[in-house]
Amino acid sequence: QVQVTESGGGLVQAGGSLRLSCAASGRTFSANNMGWFRQAPGKEREFVAAISWTGGKTNSDSVKGRFAISRDNAKNTVYLQMNSLKPEDTAVYYCAVQDILYSSGTSDLSDYNYWGQGTQVTVSS
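Quick notes on the rules
Residues numbered from 1 in each chain as written. Predicted model: local features only at pLDDT ≥ 70, side-chain atom pairs only at ≥ 80, totals over all residues. Heavy atoms only, no water. Phe/Tyr/Trp six-rings, centres within 6.5 Å; stacked < 30°, edge-to-face > 60°. Helix = DSSP H or I, 4+ residues; strand = E, 2+ residues; numbered from the N terminus. Buried < 20%, exposed > 50% of the residue type's maximum accessible area, 1.4 Å probe, protein only. Lys NZ or Arg CZ within 6 Å of the ring centre and 35° of its normal. Patch = residues over 30% accessible without salt bridge, like charges linked within 9 Å, V, L, I, M, F, W, Y side chains within 5 Å. Areas by Shrake-Rupley, 256 points an atom, 1.4 Å probe, with all protein chains shown as cover. Salt bridge = Lys/Arg side-chain N within 4 Å of Asp/Glu carboxyl O. Disulfide = S-S within 2.5 Å. Contact = heavy atoms within 4.5 Å.

(A) Spatial organisation of the packing of aromatic side chains. Counting across every chain of the model gives five aromatic pairs. Judged by centre distance (5.7 Å) and plane angle (70 degrees), the ring pair of Phe-37 and Phe-47 falls under edge-to-face. Of this pair, Phe-37 sits in strand S4 (residues 32-39) while Phe-47 sits in strand S5 (residues 46-51), and the two are 10 residues apart along the sequence. Both residues of the pair, Phe-37 and Phe-47, count as buried. Judged by centre distance (4.8 Å) and plane angle (80 degrees), the ring pair of Trp-53 and Tyr-102 falls under edge-to-face. With a gap of 49 residues between them, Trp-53 in the loop between S5 and strand S6 (57-59) and Tyr-102 in the loop between strand S9 (91-101) and strand S10 (114-115) connect regions that are remote in the sequence. Members of the aromatic cluster, connected to one another through ring pairs, are Phe-37, Phe-47, Tyr-112 and Trp-115. When the ring centre of Tyr-79 is taken as reference, the NZ or CZ atom of Arg-19 above it lies at 4.0 Å.

(B) A look at a nonpolar patch on the surface. Taken together, the side chains of Trp-53, Leu-101 and Tyr-102 make up a nonpolar region of the molecular surface, amounting to roughly 330 Å² of accessible area. Structurally, Leu-101 is set in strand S9.

(C) Broad picture of the state of the cysteines. A full pass over the atoms with the stated rule returns one disulfide. Here Cys-22 engages in a disulfide with Cys-95; their sulfurs sit 2.0 Å apart. Around the S-S axis, the bridge from Cys-22 to Cys-95 shows a dihedral of about -75 degrees and counts as left-handed. Of this pair, Cys-22 sits in strand S3 (residues 18-25) while Cys-95 sits in strand S9, and the two are 73 residues apart along the sequence. Given the relative accessible area of 0%, Cys-22 is considered buried. For Cys-95, a relative accessible area of 0% corresponds to the buried category.

(D) Layout of the side chain of Arg-66. Of note, Arg-66 is situated in the loop between S6 and strand S7 (67-72). The exposure class of Arg-66 is buried, given its relative accessible area of 12%. Residues contacting Arg-66, with those up to four places away along its chain left out, are Gln-81, Met-82, Asn-83, Ser-84, Leu-85, Lys-86 and Asp-89.

Note that all results are geometric; they support no functional claim without further evidence.
Structure, rendered in structure tokens:
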């Protein structure tokens, strides 16, 4: 059974940094795309960043230059390094894994099959 677990969220002041981790278990995910999404109160879940099985990376325009996604296939883990955080980055951050193998990276949340429970990130002004 596939499980996805996020960690690393918390409260940080504007301008600060956080590093989120996402561990996937149940099988090897080196051939799968992985992504980060977020959902702020009263808003729809939105794409943040994705990393393909080849290591190709995609970021949303709102986080470009501030957030960086990476993965460690040996640990079945994906990371999201968040720098220069802003109050508008406050949200629950979700990790997701795409089930299909060897596909192109995608920012469409409907393409992802496995989701974690989310980790809260709060940025104070």
